[in-house]
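Per-entry structural report
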Amino acid sequence: MPKIDSSVHTRVLGLDILRSVAIILVVVCHICLCFFCSASNSEGRTAFAYVLGYYGVELFFVLSGYLIGRMLCRTFIENPTIAGACNFYKRRFLRILPAYYAILCILILFHFENGNSVKFWQYFIMLQNFDHAAEFFFPVSWSLAIESFSYIAAPVVLGYFPRLFKKQGFSAEWSIIYSIIFFCFFVLMGRIVNFYVNVPEWDANIRKQVPMRLDAIFWGVLVCLIERFFNRLYNWLMQKWVAVLFGVVNLLSAYILYDAMISNDSPTGPSYSLFYCTFNFSFTGILLSGLLPFFSQDKNFSKKAQKNCILSKIFISTSRLSYSIYLVHFTVFQIVSQNFLVDGMNFFIRVVVNMVGLILAICVSCLLYYFVERPFLILQKKLFDSY
């Protein structure tokens, strides 16, 4: 998920905008689910919420892949050493785990699952959604487990597989590209087999299970490699009309998914569709990755940032807080909705309760960022500044 702070890295406004859009999509999704989808005849709102959340998390995945792509290249391609790999994992887990563990420990202390048993130990080692559906205890943690195991797979994908392709006579650049494509194809085949063997549910048993989604961040890594090895192609992808084209196709794809989600429990829903349970995850990753070249170029936004200084600061602040917001917002929404919403409550009251939940979530996120996340970012810079 989002993991960059201006105090540690040079910020790129375009990527801050994408990260802000991603967290807004996820937050709006959970606002809809917690505060406005409990009434009858809410199939449309529920479908709309799921589509927003789906695209928000997928955008986080490709952003993460792109942002750590250079680090992965340096660690597992340019100078692959054990010390370099150890430093990579220390940086990544030092970035992800402190805030994650802080929220996890708080949730365990104030467990509100109404007596339902939860295997807490699985959350500490990111196994909560490895071979089964994620529980409702820490609902957003499933994506962090997928990202963490993707990092673990990186040495195989970027270190071992390219050697096999080089033995077949491919150049170093194409060996790496083919390795990522092969790995993504391998994960896709796993989804296809799972679809036919287990008849899984689209969201819980495929979208949120680690082995089924290990390719999620590698589409962003692939864009980073294209930037590194194929300048002419990357320069072409940087054009505004290309970004607009990818944006339009993403919107059309989102609308088609929304139409399918309305009938989720019928034979036309995504859980019964081979495409949505398998190919669509790859399709979405490619489409969202197509936005990265344009938004990663600071020159496309520097003049606009000077003209709209306040708006730029809003995007940067939202981006900076996005990881903390991601970790805490859904749990806060759950607590507020469970304690203050009742059936039959009118729309205006629901909006007021929603605003209370949103303000509370932002406040808790700020506390998490300034007292946990930011100190570890500073520590990370001190420990690995030369890495």
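Bear in mind that the values here come from a model prediction, so they are computed numbers and not experimental data.

Our focus in this paragraph is the overall build of the chain. The number of helices and strands found in the chain is 15 helices and zero strands. What you see for the chain is a C-alpha radius of gyration of 21 Å, in line with the 21 Å of a compact globule of 387 residues. Of the contacts formed within the chain by residues at least 6 apart in sequence, a portion of 76% connects residues at least 24 apart. Here the chain displays about 18000 Å² of accessible surface, and carbon together with sulfur accounts for 67% of that area. Side chains of the chain carry 31 positive and 20 negative charges; the gap between the two charge centres is 11 Å.

With that settled, consider the nonpolar core. In this structure, Phe35, Tyr100, Phe138, Ile180 and Leu327 are the most contacted members of the largest nonpolar core, which totals 115 residues. Beyond its immediate chain neighbours, meaning those up to four positions away, Phe138 contacts Tyr100, Ile103, Leu104, Leu107, Tyr123 and Leu327.

Another aspect to go through is the confidence of the model for the chain. As a note on interpretation, predicted positions should not be read in detail where pLDDT is low. On average, residues of the chain carry a pLDDT of 87, and 91% of them reach 70 or more. Mean pLDDT values over the elements of the chain span from 65, in helix H13 (residues 302–307), up to 96, in helix H11 (residues 274–289). Note on residues 1–9: pLDDT is under 50 here. Beyond four places in sequence and across chains, it has 39 contacts.

Turning our attention to the side chain of Ser150. Tracing the backbone shows Ser150 in helix H5 (residues 141–167). The exposure class assigned to Ser150 is buried, which follows from its relative accessible area of 0%.

Attention now goes to the packing of helix H6 (residues 172–198) against helix H8 (residues 218–229). For the pair H6 and H8, interaxial distance at closest approach is 11 Å and the crossing angle is 165°. When the axes of H6 and H8 are compared, the pair comes out roughly antiparallel. The interaxial crossing formed by H6 with H8 has left-handed handedness. Every residue of H8 that contacts H6 at Glu173, Ile176, Ile177, Ile180, Phe183 and Cys184 is listed here: Phe218, Trp219, Val221, Leu222, Leu225 and Phe229. Residue composition of the contact of H6 with H8, by class: 11 nonpolar, no polar and one charged.

Residues that lie three or four places apart on an α-helix share one face, since the helix turns once every 3.6 residues. At Tyr369, helix H15 (residues 347–384) shows its maximal bend, which comes to roughly 45°. Of the residues that open H15, the one with a side-chain oxygen 3.1 Å from the backbone nitrogen of Phe348 is Asn346.

On the surface, Phe170, Trp174, Tyr178 and Ile181 cluster together into a nonpolar patch covering about 360 Å² of accessible area. As for its placement among the helices and strands, Ile181 is situated in helix H6.

Our focus in this paragraph is the environment of Trp236. In this fold, Trp236 is placed in helix H9 (residues 231–237). Since its relative accessible area comes to 41%, Trp236 is described here as partly exposed. Each C-alpha atom, one on Trp236 and one on Pro293, is 9.0 Å from the other, the two residues being 57 residues apart in sequence. Once you skip the residues sitting within four places of it in the chain, Trp236 turns out to touch Trp241 and Val242.

In this structure, Met126 takes a positive phi of about 60° despite not being glycine. Within the fold, Met126 resides in the loop between helix H4 (120–124) and H5.

At their nearest, the axes of helix H3 (residues 82–109) and H5 sit 11 Å apart, and the two run at 170° to each other. It follows that H3 is roughly antiparallel to H5 by the angle criterion. In this structure, H3 contributes Phe88, Tyr89, Arg92, Phe93, Ile96 and Tyr100 to the contact, and H5 contributes Ser141, Leu144, Glu147, Ser148, Tyr151, Ile152 and Pro155. Residue classes in the contact of H3 with H5 are distributed as nine nonpolar, two polar and two charged.

Each value, and the rule that gives it
Residues numbered from 1 in each chain as written. Predicted model: local features only at pLDDT ≥ 70, side-chain atom pairs only at ≥ 80, totals over all residues. Heavy atoms only, no water. Helix = DSSP H or I, 4+ residues; strand = E, 2+ residues; numbered from the N terminus. Rg over C-alpha atoms; globule rule 2.2 N^0.38 Å. Contact = heavy atoms within 4.5 Å. Areas by Shrake-Rupley, 256 points an atom, 1.4 Å probe, with all protein chains shown as cover. Lys, Arg positive; Asp, Glu negative; His and termini not counted. Charge placed at Lys NZ, Arg CZ, Asp CG, Glu CD. Core = buried A, V, L, I, M, F, W, Y, C linked by side-chain atoms within 4.5 Å. Buried < 20%, exposed > 50% of the residue type's maximum accessible area, 1.4 Å probe, protein only. pLDDT = per-residue confidence, 0-100. Axes fitted to C-alpha atoms, helices over the stretch in contact; angles between N-to-C directions. Parallel < 35°, antiparallel > 145°, perpendicular 65-115°, else oblique. Left-handed = near helix turned anticlockwise from the far one by under 90°. Nonpolar A, V, L, I, M, F, W, Y, C, P; charged D, E, K, R; others polar. Bend = angle between axes of the 7 residues up to and from the residue. Polar contact = N/O pair within 3.5 Å; in protein donor to acceptor, adjacent residues only side chain to side chain. Patch = residues over 30% accessible without salt bridge, like charges linked within 9 Å, V, L, I, M, F, W, Y side chains within 5 Å. Salt bridge = Lys/Arg side-chain N within 4 Å of Asp/Glu carboxyl O.

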